Amino acid sequence: MFSEATDQELLTAFYFGDDDDALAAFVARHRGWALAMAAQFFAEEAEDIVQLSVLRLMDAQPVGEVRNPLGWWRTIIAMTAMDQLRASRRRREQEREAGEVHRLESLFFVSDFVSRIEHAELIHHIHREIDRLDERFRGPLLKRYFEDLSYSEIARVLSLSPGTVASRLSRGIGQVRDALEAQGLLPAFEADEEETVMEPLPTATVDRNRAFAEKWNDIWLVTLPKGARGIGRISAGTEVDGSVTLRCHFDVAYDKGNPRKDRPEEAHARSWMSCELALQDAERFEWSRYRNEEAWINCWHEGDAHIGWSDVIEPDGNGGFVVTTEGKAPVALLGEARLPIVPDFLCFLVACEQERDRSSTWDMGIIGFDRLRTGRKWAVLNVPGRYAGRKGLPKGLSHTYEIDVTAHVGRIFSIWVDDAGGLLGLGDEQESFLVAPDEASARELLASGDHLQSKHHA
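Thresholds, definitions, all that
- Residues numbered from 1 in each chain as written.
- Predicted model: local features only at pLDDT ≥ 70, side-chain atom pairs only at ≥ 80, totals over all residues.
- Heavy atoms only, no water.
- Helix = DSSP H or I, 4+ residues; strand = E, 2+ residues; numbered from the N terminus.
- Expected span 1.5 Å × (residues − 1).
- Buried < 20%, exposed > 50% of the residue type's maximum accessible area, 1.4 Å probe, protein only.
- Pairing = 2+ DSSP bridges.
- Axes fitted to C-alpha atoms, helices over the stretch in contact; angles between N-to-C directions.
- Left-handed = near helix turned anticlockwise from the far one by under 90°.
- Contact = heavy atoms within 4.5 Å.
- Nonpolar A, V, L, I, M, F, W, Y, C, P; charged D, E, K, R; others polar.
- Patch = residues over 30% accessible without salt bridge, like charges linked within 9 Å, V, L, I, M, F, W, Y side chains within 5 Å.
- Areas by Shrake-Rupley, 256 points an atom, 1.4 Å probe, with all protein chains shown as cover.
- Salt bridge = Lys/Arg side-chain N within 4 Å of Asp/Glu carboxyl O.
- Arc of directions from axis to C-beta.

Engineer: Can you help me understand helix α11 (residues 203-216) in this one?
Structural biologist: Structural remark: α-helix, 3.6 residues per turn; residues separated by three or four positions point the same way. With 14 residues, α11 extends 20 Å from end C-alpha to end C-alpha; this agrees with the ideal 20 Å at 1.5 Å per step. Here α11 has its buried residues at Thr205, Val206, Asn209, Phe212, Ala213, Lys215 and Trp216. A positive phi of about 60° marks Asp218, the residue just after α11.

Okay, here's the thing in structure tokens:
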């Protein structure tokens, strides 16, 4: 009966008709594909990851019909693999470290201080100053250095964004260090004087921009598509005028000529992409300049050792845009006088701010491009977005937004966030970008990925 049913029909029968056999048929149909997907992230535990992902499939709470079944399952597999890698890495760290004393000394100890105070007394003073901290800073510090939780795990527990966790950890550590220095327990060090910040933008806009920059600063992403490995970083900061500068950089290595799996930027056959966005109003997503650069090295065309592009896009003030390509005359790009218009793949910045209920839908314009040998052809694509529900247990997976670019590239693009609004990942059924707690975790995930071929790859 299920042999002729589509994947969408099988998942609809399970989620809205309580038909367990329908889910079993879907899993059996794509089990080989699922194992190959899991092996891309964590080959040694692929079978366990698939089994856990099936349990999360059963627990998921979609809003309406699942329009992209394999993308839905791939999301769950990817996030389950990340949880497994994080747990494995934490176990190894705990084995290497000698407990909380070692962690605290690594934060506050300096080599020439050994003769001035015994370790036990130093730890006593550190504990005392931590206890005196405001709860905003004490809570994240205790969970990071006493409970050994990652930034993302702390964010979920305390309902904060990962950027806020990083900021509060930095401020808490700084306050403890300042108190120890004032008592002569640590040698003082000179800090750069703070810049005087001018705020020509409205105060409320500047405050929102700062919160936006804090949320999106220092985000590490990993991608493991078939035949490639990639690592990326998102950083953001406010300027003296209160605007935000957001930067993204990705390095992708291809299987041939890659001596170190965790260093895509050193591969013989690789590509990289960098972009920079000048954002005046984060809430309305008003921006003044977008720069995008890209290069393909030993992997684009036969005989092309290096091919690349560099473009700058600026609003023209009338709802359109001007694209300036290095060495070429500016080109007008038609747009609509409405917001938001989002450059390239930065659609996740807007999607993460949408409401989380079954009626949440929105439209946006995405400035995308086609790659041509002679350069890039840019266009404004009108696309709809919607909230698609939860994908599994709150600890590992959470809310999903979908950007429907089927009319343009034949796929649905998903963005996954946790309960606190922090980004977990983004992608489709072909490729996922997963958020890692830090650079070390991101590179470890790259090194552990072991690509497998599958006849069932869809």
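Now that the structure has been shown, we can carry on.
Engineer: Teacher, can you tell me more about the pairing of strand β14 (residues 411-417) here?
Structural biologist: Consecutive side chains of a regular strand alternate in pointing toward one face of the sheet and then the other. Within β14, 6 of the 7 residues are buried, leaving the element largely enclosed by the surrounding structure. Hairpin connection, β14 to strand β15 (residues 423-427): the antiparallel pair is bridged by 5 residues, and Gly421 has positive phi, about 90°.

Engineer: Any chance you could explain the packing of helix α1 (residues 7-17) against helix α2 (residues 20-29) here in plain terms?
Structural biologist: Packing of α1 against α2 brings their axes to within 7 Å, and their N-to-C directions diverge by 145°. As for the relative orientation of α1 and α2, their crossing is left-handed in sense. For the pair α1 and α2, the contacting residues are Asp7, Leu10, Leu11, Ala13 and Phe14 in the first and Asp20, Ala22, Leu23, Ala25, Phe26 and Arg29 in the second. Taken together, the residues of the contact of α1 with α2 break down into 8 nonpolar, no polar and 3 charged.

Engineer: It is not clear to me how a nonpolar patch on the surface should be interpreted in this structure. Could you clarify?
Structural biologist: The grouping of Leu52, Leu55 and Met58 at the surface amounts to a nonpolar patch, some 270 Å² of accessible area in total. The topology assignment puts Leu55 in helix α4 (residues 46-59). By relative accessible area, Leu55 is classed as exposed at 52%.

Engineer: Looking at this structure, I do not really get α1. What am I missing?
Structural biologist: Residues of α1 that are buried: Asp7, Leu10, Leu11, Phe14 and Tyr15. Angularly, the buried residues of α1 cover 115° about the axis, an arc narrow enough to put them on a single face. Of the residues flanking the end of α1, it is Asp18, one or two places downstream, whose phi is positive at about 55°.

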